[in-house]
Structure formats: C-alpha cells, structure tokens
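Below, each chain spelled out in residue letters.
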Amino acid sequence: MTDRYAVIGNPIGFSKSPLIHGTFAQATGQDIDYTAIEGPLGGFAGAADAFRAAGGLGLNITAPFKLDAFAYATERSERAQLAGAANAMKFDGERVLAENFDGVGLVRDVTHNLNQPLKGKRVLLLGAGGAARGALLPFLAQEPAGLVIAHRSVDKALELARIGAGHGAVRGCAYTDLVGQRFDVVFNATSASLRAELPPVPASVFAHCALAYELAYGKGLTPFLRLAQNAGVQQLADGVGMLAEQAAEAFAWWRGVRPDTRAVIDKLTVPLV
Ligand code: NDP
C-alpha cells in the first residue's frame, strides 16, 4: 500500500514540498503519496487528526501551524524544543513525534552545498523568529568562533543568546551595536525580504564577509543580498538549498533513505539578479 505524507499550511498553494518529495520518492524508489493540505486557521489539530485517521504517516508543517504542531506532538526532539516549533511530524500509533529540520537543513546547505564551513568563523544572524531559533543549536554545533544575533528589539536577541549560551560562544545585540564589527558569514533570518524590505544592518558588517545568505528563497536579489553584493561579498545565496535540505532530512527520518538534493535545488533555483 502507498504510504501517505503531506504538507499542511494556510495558504498552501505556493508550497514546493509536493514537488520536492515527489522528486525524492522517484529518485529513491519509495512508494509514497505526498499531497498539500490547506488547514483551516485555528483548526490544525482537527486537520491532523483527520489525516492520521486516513492512514497518514507524516506531515511537514509550514506557516502558520509550526507552533500548533509543536503543541500537538506527544514527543519533541531537542531541536524542536529549542525552536518551540515543529516543521515535521511522524505518526506511530498514538505517538506523535515532532522535529525541526530548518536549522540542520540550513547548516547542511552552507557547509556541504556552498562549501563554507562555519567552524572557527565569525557568524552574524539577523532576526530572532522561528527560523533563527531553529538555526541556533545547529549553528553552535559547528563551533563558530562566535555567533552574534541581532534583532530590532534587543531583548529578543538577548533572550535567544541566553538560550544558546550553554552550547557555544553566542551573544545578542541591537543593530546599532553592529557598526564596526566584522563577520565571515552573515545570515538574514528576518522576514524583511518577503516585503522587499531591508533589515537595518550596517554595510560595514560585510567588510570581510565570504558569504551572505538570505533564508528567503525565490526572491532573486533581495535588498539584503544587494547590500552585500555592493559591499563586495563574493558569494551570495538564498534559502533554496535550505528548503531542499530540510526536506531531505524529513524524508530520511520517515523513509530511512536520504535523497540527493541537487536535482531539486537546480529545479527550484531562481537567479540572484
Ligand atoms: P518569523 O515571522 O518567525 O520571524 C521573522 C523575524 O524577522 C522576526 O525576528 C522579526 O522581528 C524580523 N523582521 C521582520 N521584518 C523585519 C524588518 N523589516 N527588519 C528587521 N527585522 C524584521 O519568520 P521565520 O523565522 O519563519 O522566517 C524568517 C525568514 O526565513 C523568512 O524570509 C522565511 O521565508 C525564511 N525561511 C526559509 C526557510 C527555507 O527553507 N529556506 C524555512 C523557514 C523560513 P519582530 O519579532 O520584531 O517582528
């Protein structure tokens, strides 16, 4: 019998997950059916119950349900707990396991696909929302020389840094504190680019920067990437690789086989112009 998986969100029409997991299934010879579910706002639990009752084995979760999925789970990985959010679930009888693969997917894209090890690097992370929280532990596991988190309300940056403190060298600050600081890798984990906005990051952070990474994908050259490019950063990337890698992690978790992501990344890449 074909095993059933799906992505749930609202809206969901934009989701690339059915295409990604369909490609993975074909490449690995896995017999799965992967669909997209538009969950009713405020009705995540009912939609998840119905999917499980129909034999569903796992879900990817996208906005606005990542917190609902976390609450719905009976068991949560350390990564999901730290993020306070789930982007993947596995159903095993009464057990509902929650995971968050956004951060590991991001690290895999940077270190493997983009060939930029984070060990010993000065890393700047802009934003302190769900994606930034998910990236915190996976970043620190890479042992950067230092991780700085900047947020427009400094309290949120300090709070996230406090959570990560036991796991490595991390501190939080305001954007204004970044003036005069230099970083090897800069990540934009704010949602500013979704509205073609620029977080208030000083261009000076890019002075010795080897990679500027925009977590949003499919937006071309965002204001953040343009700022980095104008400051002379050689390597620019958006989140398409992160998207493919977090999907591959979920696929491996469900199916026990990790698909190669290159074909999916090539298919979904939008030029950074
Ligand atoms: P959240 O809504 O959880 O967090 C957004 C963060 O951005 C908050 O810290 C918010 O600050 C900050 N922010 C928003 N606008 C601005 C601005 N103009 N200037 C400065 N800070 C701003 O979103 P997510 O963490 O889920 O997503 C963040 C980004 O990551 C999005 O672009 C999303 O598309 C991308 N993403 C990519 C994935 C991938 O697979 N490639 C996966 C998940 C996310 P405040 O708290 O003050 O509002």
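Note that this is a predicted model, so its numbers are computed, not measured.

Caption draft 1: Representation of the domain arrangement of the chain. When cut into domains, the chain gives domain 1 (3-100) and domain 2 (103-240). Here the C-alpha centre of domain 2 lies 27 Å away from the C-alpha centre of domain 1. Contacts between the two partners involve 5 residues from domain 1, matched on the other side by 8 residues from domain 2. When the area that domain 1 buries against domain 2 is broken down by residue, the three leading residues are Arg79, Leu82 and Ala83, summing to 67%. Across the domain 1-domain 2 interface, the total number found is 0 salt bridges. The tally of links from domain 1 across to domain 2 stands at 1 residue pair in polar contact (both at pLDDT 80 or more). The residue makeup of the side of domain 1 that touches domain 2, split by class, is 2 nonpolar, 1 polar and 2 charged.

Caption draft 2: Looking closely at the site of the ligand. In the vicinity of the ligand, 24 residues are found, and the nearest of them are Ala131, His151, Arg152, Lys156 and Arg195. Lys156 has a polar side-chain atom sitting 2.7 Å from an oxygen atom of the ligand. Arg195 places a polar side-chain atom, nitrogen or oxygen, 2.8 Å from a nitrogen atom of the ligand. Here the ligand, which alone exposes 930 Å², has 78% of that area covered by the protein. Where the shell around the ligand is concerned, the elements lending two or more residues are helix 6 (130-141) and helix 9 (240-255). Split into classes, the residues belonging to the shell around the ligand amount to 13 nonpolar, 6 polar and 5 charged.

Caption draft 3: Examining the environment of Leu126 more closely. Along the chain, Leu126 turns up in strand 7 (residues 122-126). Measuring from C-alpha to C-alpha, the distance between Leu126 and Ala157 comes to 9.1 Å, with 31 residues separating the pair along the chain. Setting aside chain neighbours within four positions, we find Leu126 in contact with Ala150, Tyr175, Leu178, Val186, Phe187, Asn188, Ala189, Thr190, Pro199, Val201 and Phe224.

Caption draft 4: Examining the sheet that holds strand 7 more closely. The 6 strands lie next to each other as 9-8-7-10-11-12, forming an open sheet whose pairing is parallel. Each edge of the open sheet carries a strand with a single partner, namely strand 9 (170-173) and strand 12 (235-237). When the angles between neighbouring strand axes are averaged without regard to direction, this sheet yields 15°. Alignment of strand 7 against strand 8 (residues 146-150), held across 5 bridges, turns out to be parallel. Across the sheet, Leu125 pairs through a bridge with Ile149, a residue of strand 8. Sitting on the sheet, helix 5 (residues 102-113) touches strand 10 (185-188) and strand 11 (211-214), and the angle it makes with strand 11 is about 145°. The sheet contacts of helix 8 (residues 223-230) involve strand 7, strand 10, strand 11 and strand 12, and relative to strand 11 the element is tilted by about 170°.

Parameters and conventions
- Residues numbered from 1 in each chain as written.
- Predicted model: local features only at pLDDT ≥ 70, side-chain atom pairs only at ≥ 80, totals over all residues.
- Heavy atoms only, no water.
- Domains from an automatic or database assignment.
- Contact = heavy atoms within 4.5 Å.
- Buried area = accessible area lost by both parts, 1.4 Å probe.
- Salt bridge = Lys/Arg side-chain N within 4 Å of Asp/Glu carboxyl O.
- Polar contact = N/O pair within 3.5 Å; in protein donor to acceptor, adjacent residues only side chain to side chain.
- Nonpolar A, V, L, I, M, F, W, Y, C, P; charged D, E, K, R; others polar.
- Near = heavy atom within 4 Å.
- Areas by Shrake-Rupley, 256 points an atom, 1.4 Å probe, with all protein chains shown as cover.
- Helix = DSSP H or I, 4+ residues; strand = E, 2+ residues; numbered from the N terminus.
- Pairing = 2+ DSSP bridges.
- Axes fitted to C-alpha atoms, helices over the stretch in contact; angles between N-to-C directions.

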